[in-house]
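Here is what each chain is made of, one letter per residue.
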Amino acid sequence: MASTFSPLITVFLFLILLGVVRHTGEARDPFACDPKDSTAKNMPFCKVSLAIPERVKDLIGRLTLQEKVNMLVNSAAAVPRLGIKGYEWWSEALHGVSNVGPGTKFGPQFPGATSFPQVITTAATFNVTLWEAIGRVVSDEARAMYNGGTAGLTYWSPNVNIFRDPRWGRGQETPGEDPVLAGRYAASYVKGLQGTDGNRLKVAACCKHFTAYDLDNWNGVDRFHFNAQVSKQDVEDTFDVPFRMCVMEGKVASVMCSYNQVNGVPTCADPNLLKRTVRGVWGLDGYIVADCDSVGVFYSNQHYTSTPEAAAADAIKAGLDLDCGPFLGLHTQDAVKKGLLSEADVNGALVNTLAVQMRLGMFDGEPSAHAYGNLGPRDVCKPAHKELALEAARQGIVLLKNSGPNLPLSPQRHRTVAVIGPNSDVTVTMIGNYAGIACGYTTPLQGIGRYARIIHQRGCENVACADDKDFGPAVDAARQADATILVMGLDQSIEAETVDRVGLLLPGRQQDLVSKVAASSRGPTILVLMSGGPMDITFAKNNNRVVGILWAGYPGQEGGAAIADILFGTTNPGGKLPVTWYPQEYLKNLPMTNMAMRPSGSAAGYPGRTYRFYKGPVVYPFGHGLTYTHFVHTLATAPTVVSVPLNGHRRTNSTNFSNKAIRVTHARCGKLSITLQVDVKNVGSKDGTHTLLVFSAPPAGGGQWGLQKQLVAFEKVHVPAKAQQRVRVNIHVCKLLSVVDRSGIRRIPMGDHSLHIGDVKHSVSLQAATLGIIKS
């Protein structure tokens, strides 16, 4: 969603302030079918005993065209004669209930909500069950606030775009650069939000922004004007993967189209993307919503249509059901009058939005009768929720460096600690963007203060660190302390929506401060970094005086406690980087506008993107993360040959498939999986939770596919010191060992696939199980 809006949405928000457009954000008690309303409660659309499609059809048949059009926007109008109250669709719950959207209000009854770590930090846990658990807590709090009249039930989260370019200001909102990681995060978090009550929804989630959206404002190009030129290969094997998994595995109730064009067509006006792919191929059971004023953007900014009525018609006919903003409400009726759109098209959009509202129970009368009707203020900011936020931060923090090792610190030996840096005592910085009002905060300073006596100096006034006027007191503090902790990095002034970074180095004089403090520190110097995106901290990695480095991302309301727990060894770190950390030099031949994932011969020196395709030097690789113990892998059992059954016409002569890559659609995929049994032994002296990452490289090193390796599985396993645990890993052959050719066709290469599990490598030969005529 936009924090800086196009002119039309700006006018819309101004009208809200004037009271011309009603944006109360109030949940309705009840929304519709009030049992006290004798007229409405007896209408078929209010009868819970009927099937939802039947109820939706009945309701649409009772609406006038104007009433229908008024329901096509996020601030949907009431229909008093049918007992339907107005509804605000726009709420956010990226990593906790947020007040970014107008559908949610904090106040005396609900002063705040649990603010979990920003998504990039939570992704670093590689913990599927944690992601779902966070979703359950967020939806508990959302339902409680809805019951209390201060929130809606439709949340435009999560953001599952690929973190393609390290400068992207919104990369912090995403689960990182790997499509399988992003897809599993999406499906897990959505399941937590939406619940498991069959076709009923606890809240309705939304995967955004579809698709190839990952540029906000770079070098004079902004998202409102950007035309992403994307190959079929990159669409299929990178950009669309998280959305496909979100829809098909997560069963998400909504998908949001993005501002940008893809190959010359606005995503919100492209029937190939919306109607044919999201709804047709993937089978979305829900609604498609535009990012805020996207329809207005492709008319006013991109000049894709010559009239606003044509823009409204193109969007709805492409498969758009709901507009964030007023555009469809202003122009759809005229589009029908001019014959550009039929009323049946409008009905089709309402079928999808109204069905979701009914699945949420919004036409069932009193919310108290609903399965979640008993949730209230006592269910928000509960101690258990605070503890989960703390645990998520602990699991997501990544130990990048530990020479010596010098970490963990000892409360006995390190009694006095200098805590230095612009992020050393921050609150809102820890929760990143798309956050609400946190229940409370534990800053790094407060967290560390639970373990040692503190000498505190900021060193820099803020993360911009424009001068060195405060360096002196910081250096003096380091000279007096038994250990020095520098809490540095970024905040929303450097990376944010509408703000892409210009480089990867620490801002301003931060590097200078770290170096000067480290040179003067009496004890060990530890660098703690807050940021969403990766940074080039080669200077600290190579500085022997900086003995430890932690990356905390934006660790949420309990971030300071989690950082301290890891620094002092109460928690053994287990997070892994969900993005590659590149050197500054990487950006030399890397315009943000070049969407190619693979290195390109046509663009001289273009290096390619992410660990899957980039071959050059890195500061820290994807998946990097240390612990305070040592884990050893042993492959207990694994197949060496797997038969892939193929469809095809039998023929008498033999066909050699050994060098072929078979179309996935020609294989009998079903539950065709490779099962590995991996023994993980903790040979160290501390209990720890290990993140097991399994990568695959296709035959012949990826060659024609341009693929180095790809993540195919990950598991979390807790292993006590000196103990061993066996981990079962299933790898679906068609989904995870397939590759994509230049035509965008997904194929399974026959031959030897190399599986990488830490230092262990294992080869699995895929062989065709039938002779047949297989079209290429």
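Cut-offs applied
- Residues numbered from 1 in each chain as written.
- Predicted model: local features only at pLDDT ≥ 70, side-chain atom pairs only at ≥ 80, totals over all residues.
- Heavy atoms only, no water.
- Pairing = 2+ DSSP bridges.
- Helix = DSSP H or I, 4+ residues; strand = E, 2+ residues; numbered from the N terminus.
- Axes fitted to C-alpha atoms, helices over the stretch in contact; angles between N-to-C directions.
- Disulfide = S-S within 2.5 Å.
- Buried < 20%, exposed > 50% of the residue type's maximum accessible area, 1.4 Å probe, protein only.
- Core = buried A, V, L, I, M, F, W, Y, C linked by side-chain atoms within 4.5 Å.
- Contact = heavy atoms within 4.5 Å.
- Parallel < 35°, antiparallel > 145°, perpendicular 65-115°, else oblique.
- Left-handed = near helix turned anticlockwise from the far one by under 90°.
- Nonpolar A, V, L, I, M, F, W, Y, C, P; charged D, E, K, R; others polar.
- Phe/Tyr/Trp six-rings, centres within 6.5 Å; stacked < 30°, edge-to-face > 60°.
- Lys NZ or Arg CZ within 6 Å of the ring centre and 35° of its normal.
- pLDDT = per-residue confidence, 0-100.
- Salt bridge = Lys/Arg side-chain N within 4 Å of Asp/Glu carboxyl O.
- Arc of directions from axis to C-beta.
- Polar contact = N/O pair within 3.5 Å; in protein donor to acceptor, adjacent residues only side chain to side chain.

Focus: the sheet that holds strand β16 (residues 525–530)
So, step 1. Taken together, six strands build an open sheet; the order of strands is β12-β17-β16-β15-β13-β14 and the sheet is mixed. A single partner strand is all that each edge strand has here, and the edge strands are β12 (398–402) and β14 (453–457). Direction aside, the axes of adjacent strands within the sheet are offset by 20° on average.
So, step 2. When β12 meets strand β17 (residues 546–553), the two strands line up antiparallel, connected through four bridges. Across the sheet, residue Asn402 finds its bridge partner in β17, namely Gly548.

Here's the deal with the state of the cysteines
So, step 1. Counting across every chain of the model gives seven disulfides.
So, step 2. Between the sulfur of Cys207 and that of Cys246 lies a disulfide, 1.9 Å long from S to S. When the S-S torsion is 80°, as for the bridge of Cys207 with Cys246, the disulfide is right-handed. Placement of Cys207 in strand β3 (residues 207–210) and of Cys246 in helix α8 (residues 241–248) is noted, with a sequence separation of 39 residues between them.
So, step 3. For Cys207, a relative accessible area of 0% gives the class buried.
So, step 4. For Cys257, the disulfide goes to Cys268, at an S-S distance of 2.0 Å.

A look at the nonpolar core
So, step 1. Membership of the largest hydrophobic core comes to 209 residues, with the highest contact counts inside it found for Trp156, Phe363, Leu529, Ile537, Leu567 and Trp581.
So, step 2. Tallying contributions element by element places helix α5 (residues 128–147) first for this core, with ten residues.
So, step 3. If you look at the next biggest cluster of nonpolar residues, it comprises 33 residues, including Val680, Val719, Val733 and Met750.

Let's talk about the environment of Glu461
So, step 1. Take Glu461: it is sitting in the loop between β14 and α16 (471–480).
So, step 2. Residue Glu461 is classed as exposed on the basis of its relative accessible area of 56%.
So, step 3. Through-space distance from the C-alpha of Glu461 to that of Cys207 is 38 Å; in sequence the pair is 254 residues apart.
So, step 4. Look past the residues within four positions of Glu461 in its chain and what remains in contact with it is Lys469 and Asp470.

Thoughts on the sheet that holds strand β20 (residues 661–663)
So, step 1. Read across the sheet, three strands follow the order β20-β26-β25 without closing on themselves; strand pairing throughout is antiparallel. Of all strands in the sheet, those bounded by a partner on one side alone are β20 and β25 (739–740).
So, step 2. Direction of pairing for β20 relative to strand β26 (residues 746–749): antiparallel, over a ladder of three bridges. Of the residues in β26, the one forming a bridge with Ala661 is Pro749.

Quick look at the side chain of Thr211
So, step 1. One can find Thr211 in the loop between β3 and β4 (217–218).
So, step 2. Ignoring anything within four residues of it in the chain, the contact list for Thr211 reads Phe239, Asp240, Phe243, Ser258, Asn260, Val262, Thr267 and Leu273.

Quick word on unusual backbone geometry
So, step 1. Residue Pro158 is reached from Ser157 by a cis peptide bond, and omega for that bond is 10°.
So, step 2. In this structure, the amide linkage connecting Gly404 to the following residue, Pro405, adopts the cis form with an omega of -5°.
So, step 3. With respect to the helices, strands and loops of the structure, Pro405 is situated in the loop between β12 and β13 (416–420).
So, step 4. Positive phi, close to 50°, is recorded for Ala212, a residue that is not glycine.

Comments concerning the packing of helix α2 (residues 52–62) against helix α13 (residues 343–359)
So, step 1. Viewed as axis vectors pointing N to C, α2 and α13 meet at an angle of 125°, and their least axial separation amounts to 9 Å. Of the possible angle classes, the one that applies to α2 and α13 is oblique. Crossing angle aside, the handedness with which α2 passes α13 is right-handed. For the pair formed by α2 and α13, the contact residues are Ile52, Arg55, Val56, Leu59 and Ile60 on the first element and Asn347, Leu350, Val351, Leu354, Ala355, Met358 and Arg359 on the second.
So, step 2. When its residues are assigned to classes, the contact of α2 with α13 shows nine nonpolar, one polar and two charged.

Describing the packing of helix α11 (residues 308–318) against helix α12 (residues 327–337)
So, step 1. Look at α11 against α12: their axes get within 8 Å of each other, and the N-to-C directions meet at 95°. As the angle between them shows, α11 and α12 are arranged roughly perpendicular. Residues Pro308, Glu309, Ala311, Ala312, Ala313 and Ile316 of α11 lie in contact with α12, whose contacting residues are Phe327, Leu328, His331, Thr332, Asp334 and Ala335.
So, step 2. Looking at side-chain class alone, the contact of α11 with α12 contains eight nonpolar, two polar and two charged residues.

Concerning the packing of aromatic side chains
So, step 1. With the rule as written, the count across this model stands at 27 aromatic pairs.
So, step 2. Consider the rings of Trp89 and Tyr287, whose centres lie 5.0 Å apart with planes at 65°: the pair is edge-to-face. With a gap of 198 residues between them, Trp89 in the loop between β2 (87–88) and α4 (119–123) and Tyr287 in strand β10 (residues 287–290) connect regions that are remote in the sequence. Both residues of the pair, Trp89 and Tyr287, belong to the buried class.
So, step 3. Each ring, one from Tyr582 and one from Tyr586, has its centre 3.8 Å from the other, and the planes form 5°; the classification is stacked.
So, step 4. An aromatic cluster of at least three residues, connected via ring pairs, comprises Phe126, Trp131, Tyr185, Tyr189, Tyr611, Phe622, Phe695 and Phe714.
So, step 5. Against the face of Phe714 rests Arg184, its NZ or CZ located 4.6 Å from the ring centre.

A few points about the pairing of strand β21 (residues 673–682)
So, step 1. Direction of pairing for strand β18 (residues 631–637) relative to β21: antiparallel, over a ladder of six bridges. Residue pairing in the sheet places His633 in a bridge with Val680 of β21.
So, step 2. Inspection of the sheet shows β21 paired to strand β24 (residues 724–732) by nine bridges, in the antiparallel sense. Bridging from a neighbouring strand, Ile674 pairs with Ile731 of β24.

Concerning the confidence of the model for the protein chain
The predicted coordinates of low-pLDDT regions are not to be read in fine detail.
So, step 1. On average, residues of the protein chain score 93 in pLDDT, and 93% of them reach the 70 mark or higher.
So, step 2. Confidence drops under a pLDDT of 50 for residues 649–658, and excluding neighbours within four residues, the segment shows 21 contacts in the predicted structure.
So, step 3. Across residues 771–776, where pLDDT falls below 50, the model places 23 contacts with residues more than four positions away in sequence or in other chains.

Some details on the side chain of Ser738
So, step 1. Note on placement: Ser738 falls in the loop between α21 (733–736) and β25.
So, step 2. In this structure, Ser738 is in contact with Val664, Gln710, Val733, Arg746, Arg747, Ile748 and Pro749, ignoring residues within four places of it in sequence.

A word on the pattern of salt bridges
Opposite charge on two side chains lets them pair, provided their charged atoms get close.
So, step 1. For the structure shown, the criterion picks out 37 salt bridges.
So, step 2. Here Lys208 and Glu92 are joined by a salt bridge, their closest N and O atoms 3.1 Å apart. Of the two residues, Lys208 is situated in strand β3 and Glu92 in the loop between β2 and α4; the sequence distance between them amounts to 116 residues.
So, step 3. Taking relative accessible area as the criterion, Lys208 reaches 1% and is therefore assigned buried.
So, step 4. Judged by relative accessible area, Glu92 falls into the buried class, the value being 0%.
So, step 5. Its salt-bridge partner being Asp741, residue Arg747 comes within 2.8 Å of it at the nearest N-O pair.

With respect to α16
So, step 1. For α16, the set of buried residues is Phe471, Ala474, Val475, Ala477 and Ala478. Seen from one end, α16 has its buried residues packed into an arc of 155°, which puts them on one side.
So, step 2. Structurally, α16 contributes buried residues whose contacts are with β13, β14, β15 (483–489) and α17 (510–520).

Re the environment of Ser493
So, step 1. Here Ser493 is to be found in the loop between β15 and α17.
So, step 2. Through-space distance from the C-alpha of Ser493 to that of Val137 is 29 Å; in sequence the pair is 356 residues apart.
So, step 3. When residues no more than four places from it in sequence are discounted, the contact partners of Ser493 are Val463 and Val499.
So, step 4. At a separation of 2.5 Å, a polar atom in the side chain of Ser493 contacts the side chain of Asp491.

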